[in-house]
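# Observations on the model geometry
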Amino acid sequence: MLHAYGLGMTEGEYVYVAVELFRSNYWGEFTWKYDDTSDRDAQLALRSLAVIALYENHNQFFAEFAKEVRKRSRQKYDYLYGQFEEVDFIVTSFYDAVVLYAQTLVQIHRLGGNIKNGSVMADSMRNASVPSPLGYAINMDVDGDRSHAYSVKQLSLVTGKFEDILRINYHNNEEIWYGQFKWPGRVGLPPDVPPCGFDGTAVSCIADMRFGSEPGAIAGLTVGVLFAALSIAAVFAGWIMRKKKKEMDPYWWRIRQEELQYLGERNKSKNNKVLQSGSITRSETQVSKSRNCSSYASGVIAKYNGLPVCVVELPKKTYKPTASLIRELNQVRTINHPNLHRIIGVGLDNENYCELMVGDVCTKGTLDNVMENEMIKLDWYTLHCIFIIIFLG
């Protein structure tokens, strides 16, 4: 999926299908989160993936069953389930097989049949439905195979997990929709066949031969107007798609180190020492300001996406991008005022700690610049107003 994302093939034109018969620690799981630099790209790519899996009916009966399985596994087989390890489908399948066999045996015995006749036993299981103590029906088809219910899942950008969208029960030909497929740039699945066909020879895309009898000037003008209109529409649609993609990106705040082009020397040791000590002397501030950007005393100027930004180093291994911190960043992102410093993003180190704070460059300086610049003379009325504003927050 990351390869498809790099080729630009995860924008909604294609649907990728994967099969996950059941969740198990042995097989692994479909997830985008590996705590590396590709997490954001993987999450965006997996929006075009549909996962087909066996439908899991985890009710109160299954919870009691799973509790008993964990208990017996520990006592009889010295196997200890992990804290988040689930009882997988293989265990419940063996249990259901014993239930099916036992109930079929009881039924044949009540009817006076021969319980030692394997053919009779097998025929009695065909096209049968037996209730399971786990709260669902064990359905068998006419061939003696178990008929399962399947679910189709899609990645939710809210929870970050694959959730059921459609459940299909082949035993009674039932379909249950839990929501709508939402692919990048569209609601619902893309069409089965491209508008012009897979080879571009669809009838709707072939020029009408009747235009051959029209004057060439009219035909050329028509084609030119259509081409210009389509070009404008394509540019506008591309701009809208890029804007929506940026707004939908849950990792808009994450900035990689290689995306920053520093215009000056990064004095890491000095900045970290100042930040961690919590004190900045007047001489250190003046020296720092003479070398760095005017928005922060410890910031440096860099380029990000071709625009100048101010980069401030944060205390080492202090903050991590928690859910509450990201929620606050999303709130601050919507605030736009000429007197407020706009936050562009946060840089993370290899251990996922917040290392850098990236914001706009305050080209007109800050209050700190004004107060310490001896060339600027402020009257008492102006100073009084500044003190009142600071006091009131």
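These figures come from a predicted structure and were not determined experimentally.

Basis of the calculations
- Residues numbered from 1 in each chain as written.
- Predicted model: local features only at pLDDT ≥ 70, side-chain atom pairs only at ≥ 80, totals over all residues.
- Heavy atoms only, no water.
- Helix = DSSP H or I, 4+ residues; strand = E, 2+ residues; numbered from the N terminus.
- Contact = heavy atoms within 4.5 Å.
- Phe/Tyr/Trp six-rings, centres within 6.5 Å; stacked < 30°, edge-to-face > 60°.
- Buried < 20%, exposed > 50% of the residue type's maximum accessible area, 1.4 Å probe, protein only.
- Lys NZ or Arg CZ within 6 Å of the ring centre and 35° of its normal.
- Core = buried A, V, L, I, M, F, W, Y, C linked by side-chain atoms within 4.5 Å.
- Pairing = 2+ DSSP bridges.
- Axes fitted to C-alpha atoms, helices over the stretch in contact; angles between N-to-C directions.
- Expected span 1.5 Å × (residues − 1).
- Arc of directions from axis to C-beta.

### Details of the environment of P250
If you trace the backbone, P250 turns up in the loop between α6 (216–248) and β10 (254–255). Sequence separation between P250 and Q43 is 207 residues; the distance between their C-alpha atoms is 9.1 Å. Once residues lying within four places of it in the same chain are set aside, the contact partners of P250 are Q43 and L44.

### Let's talk about the packing of aromatic side chains
Applying the stated criterion across every chain, the model contains four aromatic pairs. Ring centres 5.1 Å apart and planes at 85° place the aromatic pair Y79 and Y81 in the edge-to-face group. On the accessibility criterion, Y79 (40% relative accessible area) is partly exposed. For Y81, a relative accessible area of 15% puts it in the buried group. Put simply, the rings of F62, F65 and Y95 pair up and form one aromatic cluster. The residue whose ring lies beneath R70 is Y81, and the NZ or CZ to ring-centre distance is 5.6 Å. Positioned above the aromatic ring of Y353 is the side chain of K320, whose terminal nitrogen or guanidinium carbon lies 4.8 Å from the ring centre.

### Some words on the nonpolar core
Counting 16 residues, the largest nonpolar core has W32, L46, L49, F162, W253 and V346 as the members making the most contacts within it. Of all the secondary structure elements, the ones that give two or more residues to this core are β2 (49–54) and β14 (343–348). With sequence-adjacent residues up to four places away left out, L49 is seen in contact with M1, Y16, V17, A18, F30, K153, Q154, F162 and W183. Counting 10 residues, the second largest nonpolar core, distinct from the first, contains I255, L260, I344 and V358.

### Section: the sheet that holds β14
Reading across from one edge, β10-β14-β15-β13-β12-β11 is the order of the six strands in this open sheet, with mixed pairing throughout. Two strands bound the open sheet, and with one partner strand each, they are β10 and β11 (260–262). Where strand β12 (residues 299–304) and strand β13 (residues 307–313) come together, six bridges link them in antiparallel fashion. Residue K303 lies in a different strand from β13, and its bridge partner there is P308.

### Observations concerning the sheet that holds strand β1 (residues 16–20)
The five strands lie next to each other as β1-β2-β5-β6-β7, forming an open sheet whose pairing is mixed. What marks the edges here is a single partner per strand, and that holds for β1 and β7 (174–177). Shown here is a sheet whose adjacent strand axes are inclined to one another by a mean of 25°, direction ignored. By the bridge criterion, five bridges tie β2 to strand β5 (residues 149–155) in an arrangement that is antiparallel. In the sheet register, A50 faces β5, and the bridge partner there is Q154.

### Some words on helix α4 (residues 89–110)
The end-to-end C-alpha distance of α4 is 31 Å, a good match for the 32 Å that 22 residues give at a rise of 1.5 Å each. Of all the positions in α4, only T92, D96, V99, L100, T104 and I108 are classed as buried. The buried residues of α4 all sit within an arc of 160° when viewed along its axis, so they share a single face. Residues of α4 that are exposed and point over 90 degrees away from its buried face: F94, V98 and H109. Where α4 is buried, its residues meet α3 (60–76), α5 (118–125), β3 (129–131) and β4 (137–139). Positive backbone phi, at 80°, marks G112, one or two positions downstream of α4.

### So, the environment of T31
Secondary-structure assignment places T31 in the loop between β1 and α2 (39–45). Along the sequence, T31 and Q43 sit 12 residues apart, while their C-alpha atoms lie 8.2 Å from each other.

### Side note on the pairing of β12
In terms of strand pairing, β11 meets β12 through three bridges, oriented antiparallel. Bridge pairing links Y262 to A302 in β12.

### As for the side chain of D41
Inspection of the secondary structure puts D41 in helix α2. Note on D41: relative accessible area 17%, which makes it buried. For D41, the contacting residues outside a window of four places in its chain are L2, Y5 and R256.

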